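The lines below spell out each chain.
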Amino acid sequence: MSSNDAPVYTLAEGRPVQDPSAATVLMGSKPRGGALSLLADTQLIETLAHFPRERIPERVVHAKAAGAWGEFECTEDVSDFTSVDFLNKVGKKTKVLARISTVAGEKGSADTVRDIRGFAVKFFTEEGNWDFVGNDLPVFFIRDPVKFPSLNRSHKRHPQTNVPDSTMFWDFHNNNQEGVHCLMQLFGGRGIPASLRNVNAFGNHTYKFGKPEDGTFKYVKIHLKPDAGIKNLESDEALRLAGEEPDYHIKDMYNAIERGDYPTWTMYFQVMDPKDVETYRYNIFDITQTWSHRDYPLRPIGKLRLNKNPENHFQDIEQAAFSPSTMVPGIGPSADPMLQARMFSYPDAARYRVGPNYQQLPCNRALHVYSPYQRDGPMRVDGNYGGDPDYVRSSFRPMRFGPPDIAHDEWAGKVALFTSEVTDLDFEQPRDLWKIFKETGEDKRFAKNVAAHVGKALPEVQKKTIEMFSKVDQEVGEAIQRELDELEKKGGAGIEHDKAPVKGKGMRCKDSKDDE
């Protein structure tokens, strides 16, 4: 770029300025070298005032992520069960924005920790945005939404010591055992991906896909599978990378797209007729359980390709807001209570974190919007609908209306307090997963991974964890116990355990060497 083509440096209001590194000061001879800054120096004041305001609150979960733009192409005719716009023609392409994250860690944490990965994709369709907001594991730790804050706190930093705490982690799960299936997934071979380009993505919840025009619908589970296959890291390699290259996954994704090695996923649906709900063995609205692929085979739907890095990470990815409540005609929520709670919580978090007009930002803005009953608020930048009426049923601004919602369920019952109970059914799918672990030789790796983590917890918590996994199969508890015994022989007894305070008693932070 020649000097004539270079942009002219200005202040935020557009005034050209001679030198961005200079400040207007009153120079004094005494004390030697001293100077008094002047409040009349707009450049200095503007620079200093903006700096402490340039951060927005980080996400309380999913804080650290890679992100990219791309496209989705419909590859299959799905008109037999849904009229969703972006799926209404084979070959139709839709612009997307994707964000793939760790969950528990803060923005500065390491990429290669053992953790669930969040996988969110915003589809910019002709009938509004659709957000796919899922995880890289097929199930979740809880099914009662009131437990969601407690779950995430138990996986984060201890309120007294401000360090991650194994005792706290396992104490939560020992007393909320519906998560045992997810724990087996997390501590199995897929708990640490080798690359974000090689992870599955699951919608987790059950959704309705249908035809609002005739009131028909099917229940659907959504899957994204990487065309390059699943690739994972062993714990030792992940630990090395966490120390040497903590941004390993973010760099890997960015560099792959930059060199034209675009990651792709195939989207699949599992489709269930509503009449099957009452007779299916598992509660299809329970996010801790899966649908058997034998019962409901994967049906290919389309291709997701990420092919463009963000121009600016903060603008495109940090300010991006995803929510399972962001749906298009032909898609609706099911009776999953976790889904319904997330439909409130995610937009609420975006309004707090980014602002009440976050939908106007380019990374969130739908292709076509006319919503004159949402007006004003800070940072309104879209014309604010001019003089159009801001009240419903006006005679002065005719408008057309969209299609009806997807068919609603019919309910008959009473309002009552409810918390789900853990039964033997909660250990059935983990039992099947253990059989797969044994067949593939992953059983030893799983036991070693669990022991390495729970081994830092207090002995009484370790005992209860063994009891929980023994409900899956006695072999599971025994395998973990053997690994704990091996750790003890190797000097584990000298490591101070994480000690969650009980009844007001304090605790001492572990030495840094104990965290290694």
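Residues numbered from 1 in each chain as written. Predicted model: local features only at pLDDT ≥ 70, side-chain atom pairs only at ≥ 80, totals over all residues. Heavy atoms only, no water.

1. Re the overall build of the protein chain
Turning to step 1, where the next piece is worked out: Scanning the protein chain from terminus to terminus reveals 12 helices and 12 strands.
Turning to step 2, where the next piece is worked out: Rg of the C-alpha trace for the protein chain: 26 Å, near the compact-globule value of 24 Å for 516 residues, within the 12% margin.
Turning to step 3, where the next piece is worked out: C-alpha extents for the protein chain along the principal axes are approximately 75 × 75 × 50 Å.
Turning to step 4, where the next piece is worked out: Counted over contacts in the protein chain with a minimum sequence separation of 6, partners at least 24 positions apart contribute 72%.
Turning to step 5, where the next piece is worked out: Taken as a whole, the protein chain presents about 27,900 Å² of accessible surface, with 53% of it coming from carbon and sulfur. (Helix = DSSP H or I, 4+ residues; strand = E, 2+ residues; numbered from the N terminus. Rg over C-alpha atoms; globule rule 2.2 N^0.38 Å. Contact = heavy atoms within 4.5 Å. Areas by Shrake-Rupley, 256 points an atom, 1.4 Å probe, with all protein chains shown as cover.)

2. Some details on a nonpolar patch on the surface
Turning to step 1, where the next piece is worked out: Together, L26, L36 and L38 line one region of the surface with nonpolar side chains, adding up to about 270 Å² of accessible area.
Turning to step 2, where the next piece is worked out: Relative to the helices and strands, L38 is located in the loop between strand 2 (35-37) and helix 1 (42-50). (Patch = residues over 30% accessible without salt bridge, like charges linked within 9 Å, V, L, I, M, F, W, Y side chains within 5 Å. Salt bridge = Lys/Arg side-chain N within 4 Å of Asp/Glu carboxyl O.)

3. Here's the deal with the UniProt feature "binding site: heme" (unreviewed entry) in the protein chain
Turning to step 1, where the next piece is worked out: What UniProt calls "binding site: heme" (unreviewed entry) maps, in this numbering, to Y346.
Turning to step 2, where the next piece is worked out: If you trace the backbone, Y346 turns up in helix 8 (residues 337-353).
Turning to step 3, where the next piece is worked out: Non-local contacts of Y346, meaning those with residues more than four positions away in its chain, are made with V133, F322, S323 and P324. (UniProt positions renumbered as here; feature names shortened; annotations may be inferred.)

4. Overview of the environment of L433
Turning to step 1, where the next piece is worked out: By the element assignment, L433 lies in helix 9 (residues 428-440).
Turning to step 2, where the next piece is worked out: Separated by 421 residues in sequence, L433 and A12 have C-alpha atoms that sit 58 Å apart.
Turning to step 3, where the next piece is worked out: Beyond its immediate stretch of four places on either side in the chain, L433 contacts H181, M184 and Q185.

5. A few points about the packing of aromatic side chains
Turning to step 1, where the next piece is worked out: Considering all chains together, one arrives at 27 aromatic pairs under this definition.
Turning to step 2, where the next piece is worked out: An angle of 80 degrees between the planes, with centres 5.3 Å apart, marks the rings of F217 and Y219 as edge-to-face. Grouping residues by exposure puts F217 and Y219 together as buried.
Turning to step 3, where the next piece is worked out: Three or more aromatic residues link up through ring pairs in this structure, and these residues are F72, F81, F86, F123, W130, F132, F209 and F269.
Turning to step 4, where the next piece is worked out: For K95, the ring lying beneath its charged end belongs to F124, and the centroid distance is 5.6 Å.
Turning to step 5, where the next piece is worked out: It is K122 that lies over the ring of F322; its NZ or CZ is 5.2 Å from the centre. (Phe/Tyr/Trp six-rings, centres within 6.5 Å; stacked < 30°, edge-to-face > 60°. Buried < 20%, exposed > 50% of the residue type's maximum accessible area, 1.4 Å probe, protein only. Lys NZ or Arg CZ within 6 Å of the ring centre and 35° of its normal.)

6. Describing the packing of helix 3 (residues 166-174) against helix 11 (residues 459-472)
Turning to step 1, where the next piece is worked out: Contact geometry for helix 3 and helix 11: axes closest at 9 Å, N-to-C directions at 40 degrees. Regarding the angle of helix 3 to helix 11, the classification is oblique. In this structure, helix 3 meets helix 11 at a crossing whose hand is left-handed. Of the residues in helix 11, those in contact with T167, W170, D171, H173 and N174 of helix 3 are V461, K464, T465, M468 and F469.
Turning to step 2, where the next piece is worked out: Counted by class, the contact of helix 3 with helix 11 contains four nonpolar, four polar and two charged residues. (Axes fitted to C-alpha atoms, helices over the stretch in contact; angles between N-to-C directions. Parallel < 35°, antiparallel > 145°, perpendicular 65-115°, else oblique. Left-handed = near helix turned anticlockwise from the far one by under 90°. Nonpolar A, V, L, I, M, F, W, Y, C, P; charged D, E, K, R; others polar.)

7. What to know about the pairing of strand 11 (residues 299-308)
One face of the sheet, then the other: side chains in a regular strand alternate in exactly this way.
Turning to step 1, where the next piece is worked out: As paired strands, strand 3 (residues 65-74) and strand 11 are joined by six bridges and run antiparallel to one another. Across the sheet, F72 pairs through a bridge with L304, a residue of strand 11. (Pairing = 2+ DSSP bridges.)

8. Remarks on the nonpolar core
Turning to step 1, where the next piece is worked out: Of all hydrophobic cores here, the largest spans 40 residues; its most connected members are F141, W170, F446, F469 and I480.
Turning to step 2, where the next piece is worked out: Those elements that place two or more of their residues in this core are helix 3, helix 4 (180-186), helix 9, helix 10 (443-454), helix 11 and helix 12 (474-489).
Turning to step 3, where the next piece is worked out: For F141, the contacting residues outside a window of four places in its chain are I116, L151, H155, H173, E178, G179, C182, L183, L186 and T288.
Turning to step 4, where the next piece is worked out: Counting residues in each nonpolar core, the second largest holds 37 residues, with F123, I257, F269 and L306 among its members. (Core = buried A, V, L, I, M, F, W, Y, C linked by side-chain atoms within 4.5 Å.)

9. Describing the environment of I142
Turning to step 1, where the next piece is worked out: Looking at the secondary structure, you find I142 in the loop between strand 6 (128-135) and helix 2 (148-154).
Turning to step 2, where the next piece is worked out: When residues no more than four places from it in sequence are discounted, the contact partners of I142 are K147, F148, L151, F172, E178, I287, T288 and M338.

10. Concerning unusual backbone geometry
Turning to step 1, where the next piece is worked out: Of note, H62 is a non-glycine position whose phi angle comes to about 65 degrees, a positive value.
Turning to step 2, where the next piece is worked out: On the basis of relative accessibility, which here comes to 16%, the residue H62 falls in the buried class.
Turning to step 3, where the next piece is worked out: Positive phi values are uncommon outside glycine, yet D376 reaches one of about 60 degrees.
Turning to step 4, where the next piece is worked out: Tracing the backbone through its elements, the reader meets D376 in the loop between helix 8 and helix 9.

11. Side note on helix 9
Three- or four-residue spacings in an α-helix give side chains the same orientation, since the helix completes a turn every 3.6 residues.
Turning to step 1, where the next piece is worked out: Between its first and last C-alpha atoms helix 9 spans 19 Å; for 13 residues at 1.5 Å apiece the expected length is 18 Å, and the two agree.
Turning to step 2, where the next piece is worked out: For helix 9, every residue scored as buried is listed here: E428, Q429, P430, L433, W434 and F437.
Turning to step 3, where the next piece is worked out: The elements touched by buried residues of helix 9 are helix 4, helix 10, helix 11 and helix 12.
Turning to step 4, where the next piece is worked out: G441 sits one or two residues past helix 9 and shows a positive phi near 80 degrees. (Expected span 1.5 Å × (residues − 1).)

12. Details of the confidence of the model for the protein chain
Turning to step 1, where the next piece is worked out: On average, residues of the protein chain carry a pLDDT of 92, and 93% of them reach 70 or more.
Turning to step 2, where the next piece is worked out: Ignoring residues within four places in sequence, the model shows residues 504-516, a span with pLDDT below 50, making 18 contacts including any to other chains. (pLDDT = per-residue confidence, 0-100.)

13. Topic: helix 11
Turning to step 1, where the next piece is worked out: For helix 11, with 14 residues, the first-to-last C-alpha span of 21 Å sits near the 20 Å given by 1.5 Å per residue.
Turning to step 2, where the next piece is worked out: Looking at helix 11, one finds that the buried residues are V461, Q462, T465, I466, M468, F469, S470 and V472.
Turning to step 3, where the next piece is worked out: Buried residues along helix 11 sit in contact with helix 3, helix 4, helix 9, helix 10 and helix 12.

14. Overview of the pattern of salt bridges
Turning to step 1, where the next piece is worked out: Overall, the coordinates contain 32 salt bridges when judged by the stated rule.
Turning to step 2, where the next piece is worked out: Where D144 meets K147, a salt bridge forms, and the shortest distance between an N and an O atom there is 3.6 Å.
Turning to step 3, where the next piece is worked out: A relative accessible area of 14% places K147 in the buried class.
Turning to step 4, where the next piece is worked out: Put simply, R240 and E244 hold a salt bridge, and the shortest N to O gap is 2.5 Å. One end of the pair, R240, and the other, E244, are both in helix 5 (residues 235-244), four residues apart, so they sit about a helical turn from each other.
Turning to step 5, where the next piece is worked out: With relative accessibility at 56%, the residue E244 sits in the exposed group.
Turning to step 6, where the next piece is worked out: One connected set of salt bridges, linked through shared partners, spans R197, D252, R259 and D261.

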